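# A closer look at the structure
What follows is each chain in one-letter form.
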Amino acid sequence: MRIYKDIFTGDEMFSDTYKVKLVDEVLYEVYGKHVTRKQGDVQIEGFNPSAEEAGEGTDEAVESGVDIVLNHRLAETYAFSDKKSYTSYLKDYMKKLVQKLEEKDPEQVNVFKNNTNKVMKDILGRFKDLQFFTGESMDIDGMVALLEYRDIDGESVPVMMFFKHGLDEEKF
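Nothing here was measured: the structure is a model prediction, and the numbers come from that model. (Residues numbered from 1 in each chain as written. Predicted model: local features only at pLDDT ≥ 70, side-chain atom pairs only at ≥ 80, totals over all residues. Heavy atoms only, no water.)

On to the confidence of the model for the protein chain, then. Per-residue pLDDT for the protein chain averages 85, and the proportion of residues at 70 or more is 88%. Here strand β5 (residues 34–38) stands out as the element of the protein chain with the lowest mean pLDDT, 82, in contrast to strand β4 (residues 27–31), whose mean of 95 is the highest. (pLDDT = per-residue confidence, 0-100. Helix = DSSP H or I, 4+ residues; strand = E, 2+ residues; numbered from the N terminus.)

See below:
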């Protein structure tokens, strides 16, 4: 299994247990689903919970939401009331990402810049349909993931978007 963490905050953002698609070499689209479960009950596909973890007969709180958000403890942020405030954040974040890329992989800088502009122009056109999520630390200086619902085969599917170059991949 691979866990993807924010390079600036170290927050866990998602894992490869979901359907993941790379768009234009800069943006991961991660396809989740809406779930309802007992609070704290992390359910990852292919994972079989131990029989020892069976309930003890107490009332438990129920939580519902997008499985990616719940499993990786992402926090919704309301810092971007309009496209202008998000664009301002994005410019600062991209500047930091380019600096990191210049250190790690200078050959990727131009590809990143060109493809990111194209991808973000498309996404900003759908700004009013987006929700924004930070990692568990809620550090706005790190990555802010995007969530939108898409109609796929007549079903509303939550799709989260993460910048590829803003993530470190850890193998477990």
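So that's the structure; there's more coming.
What follows concerns the sheet that holds strand β8 (residues 131–134). Taken together, the 6 strands give an open sheet; going across it, the order is β3-β4-β10-β9-β8-β7, and neighbouring strands pair in antiparallel fashion. Of all the strands in the sheet, the pair left with one neighbour each is β3 (19–23) and β7 (75–77). The average undirected angle you get between the axes of adjacent strands in this sheet is 35°. As paired strands, β8 and strand β9 (residues 145–152) are joined by 3 bridges and run antiparallel to one another. Each residue of the ladder has a partner; that of Phe 133, found in β9, is Ala 145. Sitting on the sheet, helix α2 (residues 83–104) touches β8, β9 and β10 (155–163), and the angle it makes with β10 is about 45°. (Pairing = 2+ DSSP bridges. Axes fitted to C-alpha atoms, helices over the stretch in contact; angles between N-to-C directions. Contact = heavy atoms within 4.5 Å.)

Before going further, it helps to spend a moment on the pairing of β8. Pairing geometry for β7 and β8, over 3 bridges, is antiparallel. Bridge pairing in β8 links Glu 76 to Phe 133.

Taken as a whole and assessed by the stated rule, the structure comprises 11 salt bridges. Between Glu 169 and Arg 2 there is a salt bridge, with its nearest N and O atoms 2.3 Å apart. In this pair, Glu 169 sits in strand β11 (residues 167–171) while Arg 2 sits in strand β1 (residues 2–6), placing the two residues 167 residues apart along the sequence. Residue Glu 169 is classed as partly exposed on the basis of its relative accessible area of 44%. Taking relative accessible area as the criterion, Arg 2 reaches 28% and is therefore assigned partly exposed. Linked by salt bridges that have partners in common, Glu 29, Asp 122, Arg 126, Glu 148 and Arg 150 make up one network. (Salt bridge = Lys/Arg side-chain N within 4 Å of Asp/Glu carboxyl O. Buried < 20%, exposed > 50% of the residue type's maximum accessible area, 1.4 Å probe, protein only.)

Turning our eyes to something else, we now look at the pairing of strand β2 (residues 12–15). Pairing analysis gives 3 bridges linking β1 to β2, with the strands arranged antiparallel. Directly across from Lys 5, in β2, lies its bridge partner Glu 12. The hairpin formed by β1 and β2 contains 5 residues between the paired strands, and Gly 10 there has a positive phi angle of roughly 80°.

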